[in-house]
Amino acid sequence: MAYMKNKLWALILYPISLFMSADWLDVNMPVGVTDISKEVFGLHMAIFFVVVAIGVIVFGVLFWSMWKYRRSNNKKPATFTENHTVEILWTIIPTLILIAMAVPASITLKKIYDHEAEEGGIDIQVVGWQWKWQYKYLDEQVGNKPLSFFSNLTTPPDQYEFNRVEKTENYLLEVDEPVVIPVDTPVRFLITSNDVIHSWYMSDFAVKQDAIPGFINVAKTKVNVPGIYRGNCTELCGERHAYMPIVVKAVTQEEYQEWLQQKRDLAEQIAYLTEKEWTSEELLATGEEIYETRCAACHQTNGAGIAGFYPALAGSDVVMNDKAKQIEILMEGIRGSQMQSFAEQLNEVEMASVITFTRLAWGNERSGDGEIVIPKDIVEYKETNL
Amino acid sequence: MSAVVENHNHHDDHHHGPKKGIMRWLTTTNHKDIGTLYLWFSFAAFLLGGAFAMGIRAELFEPGLQLMDPIRYNQLVTMHGLIMIFGGVMPAFVGLANWLIPLQIGAPDMAMPRMNNLSFWLLPTAFAILLSTAFMEGGMPGFGWTFYAPLSTNYPNVAYFVFAIHIMGASSIMGSINVIVTIMNMRAPGMTLMKMPLFVWSWLITAYLLIAVMPVLAGAVTMLLMDAYFGTSFFDAAGGGDPVLFQHVFWFFGHPEVYIMILPAFGITSHIISTFSRKPLFGHSSMVYAMVSIAVLSFVVWAHHMFTVGMPLVAELFFMWATMLIAIPTGVKVFNWCATIFKGSITYETPMLFSIAFVVLFTIGGFSGLMLAITPADFQYHDTYFVVAHFHYVLVPGAVFSIMAAVYYWLPKWTGNMYDEKMGRLHFWLSFAGVNITFFPQHFVGLAGMPRRYADYALQFAEWNAVSSVGAFLFGLSQLLFLYIVVKTVFAGKKATPQVWDGADGLEWTVDSPAPYHTFDVPPKVK
Ligand code: HEM
Ligand SMILES: [Cu+2]
Ligand SMILES: [Cu+2]
C-alpha cells in the first residue's frame, strides 16, 4: 500500500520536477549573436504576438458565444446568414495586418540576400558529406592547396547505443575539429554537397542553407560575440543524419591567425611522417581508430556491413586480395554509391593505416594475401594518378 | 435548404439486395458499400500508421538509441507519413465522398460504379506492394515521405515504392473523375451549384486539385525510377541533372496535396457546426468562394517548402507574399464558423465537440503556418520540430478530427444505431488532451533548434520529448476506444430516426436510418 502511494507520488511529482528543472525555459528561438539573427528574432516575436492577439480575440468571441448561446440559455436561434459590413471588415483588417508583417520581413530578407564579398572578409567552402562536414578556407594556402579539414562527430557510440555510458554535456553536438572564424569579420559560407542533400543550420547566426550537389549556396554572416556555437544538419541525408553536428568557434583576429599558423605547421609534420618507415603494428593501431570513426558507421565495427546497404569488408575479395583496387576505391570512391572518396579526408598515413587494418582484421589476414599498405604506396598512387 | 422528397421511406425495393458473403465486398458497385470499404481501409491504415508513430515516439522518449537503429527509425518515419497521408486521410475522405455525395445531391449512386470498385481495390494492392518491402533485404523506404532525390535514387527497393505510388495515383484520379462526373450530372432537379451542400462543394474542388496534381506526382516518381534504374540523370548533378528540380516538381504536387487533405474537412465542419448551432451556416457562398480561392492559390505557393534551397530573392519574396495571401480566405472560413455559432442554440454532442476543436486547433496550426511564411524566420523554423508541430496541428486535430466528427455525425445514418454519447465524449476529451500534450511541446523543441527526422537528439530537448511521447501514447490508446465505439454502434444501439439530429438539414436526413441499400431511385425535388 505504502509502495503504491509512493508510485502515485512519483507520478505527480515527475511532471512538476520537469517544470522545475532548469531547462524547461528553453522553449524559444535563440536571439543569436549576429545583427541578422537579432532581426530575425524580432520578426519571429512580432509575428508571434500578432497571432496571439488574433487568437485571443477570435477564440475569446468563440468561447463566449459557446457559453452564452448554449441551448439551455438560448432556446431560439437567430436565422441570419450574412452581414456585409463584418464580412468586408474581416477581409480588410487581416489584409492590412499581413501587409504590415510582409514589409519588414521583406526588408530583412533583402539584407540576408546581400551575398557580395566584402573587404577583409573570408570565404569558407562548406561541403556536406555522408555524415560529416568539410571546411575549405579558400583564401588560406597550406602547401599548394587551400586549408581544408573534416569535422567528425566525437560522441562515442557507447553514449548513444543503448546508453551504455552516461551522456556528457555536449552529447551529439561535439566534433573533432570545429570550424574556426574570426569575430567582427564578414564570413561567407559557400555551401555545397558531395553526395545527397544536407543542410547547414546554425541557429545562433540565423543561417540555414541547403548543401546541394552541383550548387553553391551562399550564407553570409558576421559574428559579434566570441564563443563556441553548435548546430545540426537539417536535411534528411540517410541514416546518420542526426550524427553530423556543426561546431563553430568564433575567436578574435589574433587567435584566428595563431590557429592558421598551427594548421600550417601540422601540414609540414605530416609530410615528414610519410617518409618514415612504418611497421604493421604501428599502422594497425592508427588504422583501427580511423576505421572506428570513419568507416564503422557503414561497414560496422565487425566488418560485416549491413545487408542491402553496405557490403561486408570481412571476407571481401577486394580487401583480402587486391591491394591496388582497394587503394583506388578509397582514393576515388565508387561513383553512384555511398562509398565516397577519402582522398581529402585522410592523409597518407591515415589512409595507409586504415587499409592495412581492413586487410588484417576479422580473419582477413589468414584468408587473404595478408599484405600491408604503407604511406609511400599512397604517395605513389597520388603521383601516378595526378 | 429544404427539400420536397417523394416518399422513399419503406418503399419496397424492386432491386436485388447486396450479394452474400465476401463476394458482396469484392464485386460491389454500390456507393454505400464502397464508402464503407474505404472507411474501414482508412481506419486500418490509421492504426498501422499510428503503431509506427508509437514506435517513433518510444524511440524519442529519451536521447540515445534504445529500440532501433537509425535506418529502422527513418523507415518508420517515412512509412508513417506515407501510410497516414495516402492510406489514412485521403481514403477516409474518399469513403465519406462515396457515402455522402449521392445522398446529399439526391443521386441513386456514383456516376461510374464499376470504376468506383476498381479505384477502391487498387488501394490495398498498392499498399501490399509498398509494405512487401518490409520483408526484403534493404527493407522499407527510409528517405522521408518527400523522397528527395538524390537520397531516394540510391535507396534499396525504390522501384516498389514508385510502383505503389503510381497505383495510388491511378486510384485517386479515377475516384476524382467519378466525383466530378457525379456532381456535374446527377444532382436532383432544382439543386443549382450554389445550393449544393458544402461537403459536396469541398469535394468538387478537391477532385479538381487531385486531377491536376496526381499526374505531377506520377511524373516525379517516374523520373526517379529512370534515374535509379535506367541511367538517366534528371536529378543527378554529376550527370548534368538538377536535384532542386525534384523539389519543384514534388512540391508542385505536394502543396495542393495538403489542401486536398483539408478542403473536405472544411465541408464537414460547416455542416456539423450549423446542425448543432441549429442555425443556417453563416456565409454559404463566401465559404465556396473562399475554398475556390484557397485551391487556386495552392498552385502558386509550392516553393515555401524550399526557402532554404537557395532560390533568388525575387522568388523568395513572391512565395512569401503568395503564402501569406492564403491566410485571408482561410481566415474568412474561421470567422464564418464563429459567426454561425454566434446567437445559435447550441448543444455539444461528440461531433460538435470534435468540430469546435477542429476550428480552434486548426487555427493554431494556421497561426504557425503564417509564422512559417515569414521567410527570414523560416530560415530558423524550417525542418525543425516547429514544422512537425505545425503540420500535425493541421493534420491531426485538423483533418483527422474532422473525419472523426464526420463518423460520429453520420454513423447513425449509416448503421441505423446511435453511438454511445458518453463514450464518444470520453473519446473526444482523451484525444483532445493527447493531441495537445503530444504536439504543443514540439513547438518548443523546434524553436530551440531540434531538427526533424532525427533518431536521436541533444540533451536540452529531453524533457519536452518525454512529455510529447507520453501524450502520443495517450492519443494512440484513445483511438482503440474509438474502434470499440464504432464497432459497438454497428451491431447495437438506440435506433436512430431518419432526421437523427434535430438541427440537421439536407437530403441525406430525409431517407431512413440506416440508409436503404438503394436510395433516390426517383430524384427528389429541391426547392
Ligand atoms: C498520435 C498520432 C501521431 C503521432 C504521435 C505522430 C508522430 C510523428 C512523428 C514523431 C513524426 C516524425 C517527425 C520527424 O522525425 O521528423 C511524424 C512525422 C509525420 N507525421 Fe505523424 N504522428 C501522428 C499522427 C499523424 C497523422 C494522423 C498524420 C497525417 C494525417 C501524420 C503525418 C505525418 C507526416 C506527413 C510526417 C512526416 C513524415 C516524414 O518526415 O517523412 N501524423 N509523426
Ligand atoms: Cu542530414
Ligand atoms: Cu505548402
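Counting of residues starts from 1 at the beginning of each chain's written sequence and follows it residue by residue. For naming, the first written chain is A and the first written ligand is 1, with later ones following in the order written. In keeping with the predicted nature of the model, local features appear solely for residues at pLDDT of at least 70, side-chain atom pairs appear and are counted solely at 80 or more, and the whole-chain, interface and lining totals rest on all residues. Calculated side-chain values reflect all of the structure's heavy atoms, with hydrogen atoms and water omitted.

Asker: Now, about the side chain of Glu235(A): what can you tell me, with residues and values included?
Answerer: By the criteria applied, helices consist of DSSP H or I runs no shorter than four residues and strands consist of E runs no shorter than two, each listed in order from the N terminus. When you line up the elements, Glu235(A) lands in the loop between β9 (227-233) and β10 (246-251). Summary of buried charges: Glu235(A) has no salt-bridge partner, and the nearest side chain of opposite charge, Arg453(B), is 4.2 Å away. Here, residues are in contact when the closest pair of their heavy atoms is within 4.5 Å. Every residue in contact with Glu235(A), bar those within four places of it in the chain, is listed here: Ile197(A), His198(A), Ser199(A), Asp210(A), His241(A), Tyr148(B), Asp383(B) and Arg453(B). Three exposure classes are used, based on accessible area relative to the maximum for each residue type with a 1.4 Å probe and protein chains only: buried under 20%, partly exposed in between, and exposed over 50%. Only four residue types enter the tally: Lys and Arg on the positive side, Asp and Glu on the negative side, with His and both chain ends excluded. Here, a salt bridge means any side-chain nitrogen of Lys or Arg that lies within 4 Å of a carboxyl oxygen of Asp or Glu.

Asker: So, the sheet that holds β10(A): which residues are in play, and what are the values?
Answerer: All names here are of chain A. Ordered in space as β4-β10-β9-β6-β7, the five strands form an open sheet in which the pairing is mixed. At either end of the open sheet lies a strand with only one pairing partner, and these are β4 (179-182) and β7 (207-211). Each strand axis lies, on average, 25° off the axis of its neighbour in the sheet, ignoring direction. Here, strands pair whenever DSSP counts at least two bridges between them. Bridge count for β9 against β10 is five bridges, and the pairing is antiparallel. When the bridges of β10 are listed, Gly227 appears paired with Ala250. Axes here mean lines fitted to C-alpha atoms, for a helix over just the part in contact, with angles spanning 0 to 180 degrees between N-to-C directions.

Asker: Summarise the interface of chain B and chain A; cite the residues concerned and give the values.
Answerer: On the chain A side, the residues contacting the 100 residues of chain B number 97 residues. Summed over both partners, buried area is the accessible surface (1.4 Å probe) that two parts give up on being assembled. Here chain B packs against chain A, burying approximately 8,300 Å² in sum over the two surfaces, 69% of which is carbon and sulfur. Area buried by chain B at its contact with chain A is led by Phe282(B), Phe379(B) and Gln380(B), which between them contribute 9% of it. Taken together, the links from chain B to chain A amount to one salt bridge. Note that Arg71(A) is salt-bridged to Asp502(B), the shortest N-O span being 3.4 Å. Polar contacts, as used here, are pairs of N or O atoms within 3.5 Å; protein pairs need one atom able to donate a hydrogen and one able to accept it. Residues neighboring in sequence count only if both atoms are side-chain atoms. Across the contact surface, chain B and chain A share 28 residue pairs in polar contact (both at pLDDT 80 or more).

Asker: How would you summarise the layout of surface pockets if you had to cite specific residues and measurements?
Answerer: All names here are of chain A. Lining residues are those with an atom within 4 Å of a point, where the points come from a 1 Å grid over the protein atoms alone and group into cavities, where a 1.4 Å probe fits but cannot get out, or pockets, open sets with protein on both sides within 12 Å along at least five of seven lines. Grid points are joined across faces, edges and corners, and a volume is the space filled by probe spheres set on the points. Quantified by volume, the second largest pocket comes out at close to 1,700 Å³. What lines the second largest pocket is a set of 43 residues, and nearest its centre among them are Lys145, Ile270, Leu346, Asn347 and Glu348. Within the residue set of the lining of the second largest pocket, elements represented by two or more residues are β2 (132-142), β3 (145-151), α5 (253-275), α6 (280-299), α8 (323-332), α9 (348-360) and α11 (375-384). A total of ten residues in the lining of the second largest pocket trace back to one element, the largest contributor, which is α5.

Asker: Give a detailed account of the domain arrangement of chain A, specifying residues and quantitative values.
Answerer: All names here are of chain A. Just so you know, the domain bounds were taken from an automatic or database domain assignment. Domains assigned within chain A are domain 1 (12-112), domain 2 (122-269) and domain 3 (277-385). On a C-alpha basis, the centres of domain 1 and domain 2 stand 36 Å from each other. Tallying the contact residues gives eight residues for domain 1 and ten residues for domain 2. Where domain 1 abuts domain 2, roughly 710 Å² becomes buried across the two surfaces, and 55% of that area is made up of carbon and sulfur atoms. Applying the counting criterion to the domain 1 and domain 2 interface returns four residue pairs in polar contact (both at pLDDT 80 or more). Three residue categories are used. Nonpolar comprises Ala, Val, Leu, Ile, Met, Phe, Trp, Tyr, Cys and Pro, charged comprises Asp, Glu, Lys and Arg, and polar comprises the others, including Gly. Its residues placed into classes, the side of domain 1 that touches domain 2 shows three nonpolar, three polar and two charged.

Asker: Give a description of α9(A) that names residues and reports values.
Answerer: Residue and element names in this part refer to chain A. An expected span of 1.5 Å times one less than the residue number is assigned to each helix. Taking 1.5 Å per residue, 13 residues should reach 18 Å; α9 reaches 18 Å between its end C-alpha atoms and fits that length. Within α9, twelve of the 13 residues are buried, which leaves it mostly tucked inside the rest of the structure. All of the buried residues along α9 are Glu348, Val349, Met351, Ala352, Ser353, Val354, Ile355, Thr356, Phe357, Thr358, Arg359 and Leu360. Buried residues along α9 sit against α5, α6, α7 (317-321), α8, α10 (364-367) and α11. Here α9 starts with a cap whose side-chain oxygen sits 3.0 Å from the backbone nitrogen of Val349, and that cap is Asn347. Positioned one or two residues after α9, Trp362 has a phi angle of 50°, which is positive.

Asker: Before we move on, can you summarise the coordination of the copper ion (ligand 3) with the specific residues and values?
Answerer: Residues and elements named next belong to chain B. A donor here means any N, O or S atom no more than 2.8 Å from the metal (3.2 Å for Na, K and Ca); water is not included, so a site may seem to lack partners. Donor atoms from the polypeptide that bind the copper ion (ligand 3) are His255 (ND1), His304 (NE2) and His305 (NE2), placed at 1.5 to 2.1 Å. Here the donor residues of the copper ion (ligand 3) share one chain and are spaced in sequence as H-x48-H-H. With a relative accessible area of 14%, His304 lands in the buried category.

Asker: I'd love a proper account of α5(A), names of residues and values included.
Answerer: Its 23 residues place the ends of α5(A) 35 Å apart at the C-alpha level, agreeing with the 33 Å of an ideal helix rising 1.5 Å per residue. Three or more residues of α5(A) are buried, namely Tyr256(A), Trp259(A), Leu260(A), Lys263(A) and Thr274(A).

Asker: Explain the pattern of salt bridges to me, and be specific about the residues and the numbers.
Answerer: Taken as a whole and assessed by the stated rule, the structure comprises 18 salt bridges over all chains. Between Lys382(A) and Glu348(A) there is a salt bridge; the shortest N-O distance is 3.0 Å. Separated by 34 residues along the polypeptide, Lys382(A) in helix α11 and Glu348(A) in helix α9 bring together distant segments of the chain. According to the relative accessible area criterion, Lys382(A) is partly exposed, its value standing at 26%. Assessed through its relative accessible area of 17%, Glu348(A) is described here as buried. Taking the shortest distance from any N to any O, the salt bridge between Asp33(B) and Arg24(B) comes out at 2.7 Å. The buried category is assigned to Asp33(B), whose relative accessible area is 3%.

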